[in-house]
Each structure stands twice: as structure tokens, then as C-alpha cells.
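# Tertiary structure, described
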Amino acid sequence: MATDERTALATDLFDKCRRYTAAHEVMAAGLYPYFQPIEASDDTEVVVRGERKIMVGSNNYLGLTHHPHVLESARAALYRYGSGCTGSRFLNGTLDLHETLERRLAGFMGHESALVFSTGYQTNLGAIATLVGRGGVVAQDRLNHASLIDGATLSGGRTVRYAHCDPDSLRQVLAENAERGVLVVTDGVFSMEGDVAPLPAIAALAAEYGARVLVDDAHSVGVMGDRGGGTAQHFGMEGGVDLAMATFSKSFASIGGALAGPEYVIHYLKHHARSLIFSASMPPSAVATVLACLDVVEQEPWRRERLWANAAYLRGGLQALGFDTGLSATPIIPVATGRMMDTFAFWRALFDAGVFTNPVTPPAVPEAECRLRTSVMATHTREQLDAVLAAFGRVGRELGIIAA
Ligand SMILES: Cc1ncc(COP(=O)(O)O)c(C=O)c1O
């Protein structure tokens, strides 16, 4: 069939693409915030189209992307093993480095065993889809990350949402599904709100109803706990949750992910998780980066202390200016901005003032609850944070988001 004939049919799958104009409208208004090309970076500052911006939109919490030990370890691995693994962990893509990382992470996260995947997203897909399957139930916090939702969809099981961080709502879900295998899934630190899941209550309820728990520690490893071991360590219940997931795309300055848990579960996933088996493994330099980050996390605890001090400083400063920082209790600090176009206008004015933030708009949040997501690093200086606060104050007053 000729292209013209096919596109004339109502069933052409490309129709929605042709009709999609929303992004072009924002571009025409000069407010499009996405896919900004970074030309250079020294972690707390980046260059976009020749202009320096203070970066308060990254997940580089400990500021390790440019640490000399990290860069040197990545370089050494690149030259020893080459640029890529060219195959899956299952076949030719396992290096001794992957196994070393798994042993270190298991200890770091307080579990018996760990399995390294190529991204955090794939880790969540692999863990949830493989363990739940048809007939199972995934109990999800209403504000969980998309990768957790997608893992549940892929599992073929039933997804049931419970109210955000609400043990009573979770209890109801568990009671209604007591006859089925249930996996309770929660972000440890919520990526858009910056609040912390009530893990002790979740783990106790799961134990009461015979359910299993997976905590997504993407924003928690390196950040939460007295050694950076994650949300369970923060609550003094290390190893007290069945499964903990980590990404390497945030504090660990790399890319990849891992699941930590009992050895027999990890062994099963190694032989059944399709997102592990049918995808190439993490490249050597990326694995070496994470190992080096673990060294630094152990050797330089001041980074975690500075991170939390910087977070308190920025959050306190934003609140003093009159901004609503929602539920934030961690280095993730959202700033309420209202509707989508107002949010884009705020983003643009801050960007022009030299501050890089991330707009959060539907479908990630409801239409009237848009926000700019900021996050701090251990390596931000007070001067940088003061400059960010000054820009927020000026733009917020100009746009009427805070009182003049
Ligand atoms: C809570 C959470 N889980 C999982 C992921 C996926 O991690 P990755 O970037 O390693 O694929 C992210 C990253 O956006 C996240 O914020």
C-alpha cells in the first residue's frame, strides 16, 4: 500500500504524531525547557549555548561526576577492558568488575546478595515483572516512579494503588488481597516530592499480611542512612526490607542499577529477568565509576553531611522567601509554581538568570500542581546557593508566585 493511501486511513498509527502540537506551541512561545544541550560541566555548573548556569536540576547529590578518583578509575577500566561489553550479563557480558560491584553493594545495602542491571529502569522492570507474574498483585504508593508502575504492567499482575505514604490505606489493600501473592513497592525517597516513605510501618504491615516489600532507593543510596546505605539504614532497619533497588545514575555518578536481597531470589532473577538477560551489560568504565564512588562514600563522609546542610540551607531560604516546598525533607526540593505555562515561564526566567532547574508538569503531576524541581549537591558553595535564592526571589516576585 502506498504511503498516501495508508495515511488516509483512520487507523494509521502515525496520526497521533502528526496531530501532536503541544511541544511546538511551547517552543513558539520561547518557553520550551526540555532537551537542553549541555556543552560542558564541572558538576555544580554547566554551559548551555555558551552561557554558564548553576545546576540545581541534577541528581548528582554527592558531586562525584568529576572526582579525581572516580575519573581515574573509569579511565583505567576503559583501557583495561575496552569501551563496552558487547553482550548480556548472561553470556559474554559479565566482567569480574560486575561481580566485585555486586559483592560490595550487597554489603553496602545490608543484604545477602545483589544483581547489577544496565539501568535502574531495567532493574525495576526485571525485579517486579519476574517476581510478580500473572495472578500476583503489586501494591504501589500513588506517587511511585514510572519504572515501578511499568514493571507492574509488564508483570501481567494486578496493580493496586494506596494513598501516598499512608499505612492505613496500604493495610486496606493488603487485607483485600490477602489470598494472593503481594509485592508492596515504594520509592524510598520520592523523586518529585522529596519526602521519605514510612518504611518501618510498611515492612511491619507486609510481614503481618505475608506480603513482600521492594524499596526503590534510587534517591537514597549515598544520601540516606549514617553510611549512605539507603532508606532502611536511615530508619535503623538495615536488611529489614525484602528487596532494595539502587540506581547508579544519581549519587553514583554513572549509569546502571542494582537489586539487593536474599541470595536465592537474586539467583532466580539472574536466570529469569528478561531485562537482564536480553540487554547488554553495564560498560566497564561505568562499573568502575560506581566502585570508585563507593570508595569515596566510605572515605569522605563530609560529602553526605554537606549535602544535608546544603539541602536545609536551600529549602529554608526558599521557604523564607515565601515559596511552597511541599513535602520536601531531603535534598530534593520542589517549588510549587501552579499551572503549566506559568511553570515554563518561571523556568525560562530562572534559566535566563543563570539557574538550571527542572519543570515537572502533567502527566507527572496534576495540571494545577506543577512545580520546579530543584536538588542540591554536596559540592554547591554557599555563594552558588545564595545566587540561586536571589534569582528565585526576583523571578518569583516578578511573576507573582510570591508576594512582592
Ligand atoms: C525513583 C526512581 N527509580 C528508578 C529510576 C530509574 O533509574 P535509571 O535512571 O537508572 O534508569 C529513577 C530515575 O529517574 C528514579 O527516580
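Residues numbered from 1 in each chain as written. Predicted model: local features only at pLDDT ≥ 70, side-chain atom pairs only at ≥ 80, totals over all residues. Heavy atoms only, no water.

The subject of this paragraph is the overall build of the chain. For the chain, the helix and strand inventory stands at 16 helices and 14 strands. Expected size for 404 residues packed as a compact globule is a radius of gyration near 22 Å; at 22 Å, the chain falls within 12% of this value. Projected onto its principal axes, the C-alpha coordinates of the chain cover approximately 60 × 60 × 50 Å. Sorting the 404 residues of the chain into buried and exposed places 53% on the buried side. The contacts in the chain between residues at least 6 apart in sequence include a share of 68% that link residues at least 24 apart. Only carbon and sulfur atoms are counted for the fraction: they give 55% of the accessible area of the chain, which is about 17,700 Å². On the chain, the mean spot of the 34 positive side-chain charges and the mean spot of the 43 negative ones are 3 Å from each other. (Helix = DSSP H or I, 4+ residues; strand = E, 2+ residues; numbered from the N terminus. Rg over C-alpha atoms; globule rule 2.2 N^0.38 Å. Buried < 20%, exposed > 50% of the residue type's maximum accessible area, 1.4 Å probe, protein only. Contact = heavy atoms within 4.5 Å. Areas by Shrake-Rupley, 256 points an atom, 1.4 Å probe, with all protein chains shown as cover. Lys, Arg positive; Asp, Glu negative; His and termini not counted. Charge placed at Lys NZ, Arg CZ, Asp CG, Glu CD.)

Now for the packing of aromatic side chains. Two descriptors summarise a pair of aromatic rings, namely the distance from one centre to the other and the angle between the planes of the rings. Within the structure shown, the criterion is met by nine aromatic pairs. Grouping aromatic residues by their ring pairs yields a cluster made of Y32, Y34 and F344. Stacked on the ring of F351, the Lys or Arg K53 has its end atom at 4.2 Å from the ring centre. We note R382 situated over the ring of Y313; from NZ or CZ to the ring centre the distance is 4.1 Å. (Phe/Tyr/Trp six-rings, centres within 6.5 Å; stacked < 30°, edge-to-face > 60°. Lys NZ or Arg CZ within 6 Å of the ring centre and 35° of its normal.)

Attention now moves to the site of the ligand. What surrounds the ligand is a group of 16 residues, the closest being G120, Y121, D216, H219 and K250. Between the ligand and G120, the relevant distance is 2.8 Å, taken from an oxygen atom to a main-chain nitrogen or oxygen of the residue. One of the side-chain N or O atoms of S249 is found 3.0 Å from an oxygen atom in the ligand. In the complex, 83% of the free accessible area of the ligand, which totals 390 Å², lies under the protein chains. For the shell around the ligand, the elements supplying multiple residues, two or more each, are α6 (120-132) and β9 (243-247). (Near = heavy atom within 4 Å. Polar contact = N/O pair within 3.5 Å; in protein donor to acceptor, adjacent residues only side chain to side chain.)

Further remarks concern helix α9 (residues 199-209). Of all the positions in α9, only L199, I202, A203, L205 and A206 are classed as buried. Each buried residue of α9 lies within a common arc of 165° when the element is viewed along its axis, so the set occupies one face. For α9, the elements touching its buried residues are β6 (158-162), α8 (167-176), β7 (182-187), β8 (212-216) and α10 (231-234). Immediately beyond the C-terminal end of α9, within one or two residues, lies G210, with a positive phi of roughly 70°. (Arc of directions from axis to C-beta.)

Looking now at the environment of C165. Within the element layout of this structure, C165 appears in the loop between β6 and α8. Between the C-alpha atoms of C165 and F356, which are 191 residues apart in sequence, the distance is 30 Å.

Our next topic: the pattern of salt bridges. A side chain of one charge can pair with a side chain of the opposite charge when the charged atoms of the two come close. Counted according to the given criterion, the structure contains 18 salt bridges. Between E102 and R89 there is a salt bridge; the shortest N-O distance is 2.7 Å. Here E102 is found in helix α5 (residues 96-109), whereas its partner R89 is found in the loop between α4 (68-81) and α5, with 13 residues between them in sequence. In this structure R89 comes out as buried when scored by relative accessible area, which is 9%. It is possible to trace a salt-bridge network through shared partners that takes in D12, D15 and R18. (Salt bridge = Lys/Arg side-chain N within 4 Å of Asp/Glu carboxyl O.)

Turning our eyes to something else, we now look at the sheet that holds strand β1 (residues 38-41). Taken in spatial order, the four strands make up an open sheet running β1-β2-β3-β12, and their pairing is mixed. Looking at which strands have only one partner, the edges of the open sheet turn out to be β1 and β12 (355-356). Where strand β2 (residues 45-48) meets strand β3 (residues 51-55), four bridges bridge the pair, whose relative direction is antiparallel. By the bridge assignment for β3, V46 is matched with K53. In the packing of helix α16 (residues 382-398) onto the sheet, contacts are made with β2, β3 and β12, and the angle to β3 comes to roughly 100°. (Pairing = 2+ DSSP bridges. Axes fitted to C-alpha atoms, helices over the stretch in contact; angles between N-to-C directions.)

Interpretation note: all reported values are geometric properties and have no functional meaning in isolation.
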